[in-house]
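# An overview of the molecular structure
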Amino acid sequence: HDIMTWLYEGHPFRTATALFDAHLAGSMSLEVVANTRRENGIQDPEILSALDQIAFELESHAPEDGIRVGKATSLADVVKEIHQALNGNEKNFYRIPDDRELIAQELLLFENTGSDEIEKLVDSQFSMTRFSIRVPYVDPTRYKAFTDSAVARFQAALGPDVEILATGFMAVMSRTISALLESMIR
């Protein structure tokens with residue numbers, strides 16, 4: 001059920017989608033929300049390290065269900081950049097600090113610079129965070145298995161105490177198309 005094939009070759013939307021896929025890490029995004037259900041839970045070095053490891057695995061492994069991850073980003077990336085910047089931009093400091101207090105201090109310092117980057121990634125209590133996964137456009141019915149696999153990966157890495165929710169355009173489109181097809185079949 002490939003919606004893009006409904007459009008003629010050279011259609012502006014089809015052309016733009018192909019350009020996003022080829023040059024901007026993908027035109028579709030899956031947003032995974034991890035909710036620790038505790039204040040400052042996202043500042044836990046183990047949680048941030050798990051998010052960082054998931055991003056590495058998604059970007060470096062072979063395509064899953066035929067879908068190649070173009071880019072995976074989370075608060076872990078911001079924490080690593082802040083830590084490196086506060087340590088003379090030395091490459092060996094591009095990592096998640098082991099100390100929860102240090103992470104909290106570095107995030108507070110970054111927030112006080114006036115940047116709104118953190119607000120896009122976490123809630124005000126630092127109990128929830130957003131993880132973005134960019135992939136190319138494929139037949140939307142293929143996104144369901146990818147989404148289910150991603151949620152299972154997050155749940156396994158973060159444990160049963162962290163609630164995982166898949167949202168974003170990919171998840172919505174996948175659910176919508178799947179429901180539409182099931183309804184049409186019935």
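Our subject in this report is the structure included herewith. Just so it is clear, the model here is predicted, and its values are computed rather than measured. (Residues numbered from 1 in each chain as written. Predicted model: local features only at pLDDT ≥ 70, side-chain atom pairs only at ≥ 80, totals over all residues. Heavy atoms only, no water.)

It is the contact of helix H5 (residues 143-158) with helix H6 (residues 169-185), at a shortest axis distance of 9 Å, that shows an interaxial angle of 130°. By the angle between their axes, H5 is oblique relative to H6. Judged by the twist between their axes, the crossing of H5 over H6 is left-handed. Each of Tyr143, Lys144, Phe146 and Thr147 in H5 lies in contact with H6, whose residues at this interface are Met170, Ser174 and Ser178. Its residues assigned to classes, the contact of H5 with H6 comprises 3 nonpolar, 3 polar and 1 charged. (Axes fitted to C-alpha atoms, helices over the stretch in contact; angles between N-to-C directions. Helix = DSSP H or I, 4+ residues; strand = E, 2+ residues; numbered from the N terminus. Parallel < 35°, antiparallel > 145°, perpendicular 65-115°, else oblique. Left-handed = near helix turned anticlockwise from the far one by under 90°. Contact = heavy atoms within 4.5 Å. Nonpolar A, V, L, I, M, F, W, Y, C, P; charged D, E, K, R; others polar.)

Before going further, it helps to examine the packing of aromatic side chains. Under the criterion given, the structure shown has 1 aromatic pair. Ring centres of Phe131 and Phe154 lie 4.8 Å apart, and the angle between their planes is 80°; on these two criteria the pair is classed as edge-to-face. Of the two residues, Phe131 is situated in strand E3 (residues 128-135) and Phe154 in helix H5; the sequence distance between them amounts to 23 residues. Neither Phe131 nor Phe154 differs from the other in exposure class; each is buried. (Phe/Tyr/Trp six-rings, centres within 6.5 Å; stacked < 30°, edge-to-face > 60°. Buried < 20%, exposed > 50% of the residue type's maximum accessible area, 1.4 Å probe, protein only.)

All right, on to the pairing of strand E1 (residues 28-35) then. Of all 8 residues in E1, 8 are buried, a share of seventy percent or more. Burial along E1 is two-sided: the face carrying Met28, Leu30, Val32 and Ala34 and the face carrying Ser29, Glu31, Val33 and Asn35 are both buried. Bridging between E1 and E3 involves 8 bridges; their strand directions are antiparallel. Paired with Met28 across the two strands is Val135, which belongs to E3. Inspection of the sheet shows E1 paired to strand E4 (residues 163-167) by 5 bridges, in the antiparallel sense. Along E4, the bridge assignment pairs Val32 with Ala166. (Pairing = 2+ DSSP bridges.)

What follows concerns the pattern of salt bridges. Summed over the entire model, instances satisfying the criterion amount to 8 salt bridges. Between Arg130 and Glu31 there is a salt bridge, and its shortest N-O distance comes to 3.1 Å. Of this pair, Arg130 sits in strand E3 while Glu31 is found in strand E1, placing the two residues 99 residues apart along the sequence. Residue Glu31 is classed as buried on the basis of its relative accessible area of 13%. For Asp44, the salt bridge goes to Arg38, with nearest N and O atoms at 3.4 Å. Exposure remark for Asp44: the relative accessible area of 15% places this residue in the buried category. Given the relative accessible area of 36%, Arg38 is considered partly exposed. The network of salt bridges with shared partners includes Arg38, Asp44 and Arg100. (Salt bridge = Lys/Arg side-chain N within 4 Å of Asp/Glu carboxyl O.)

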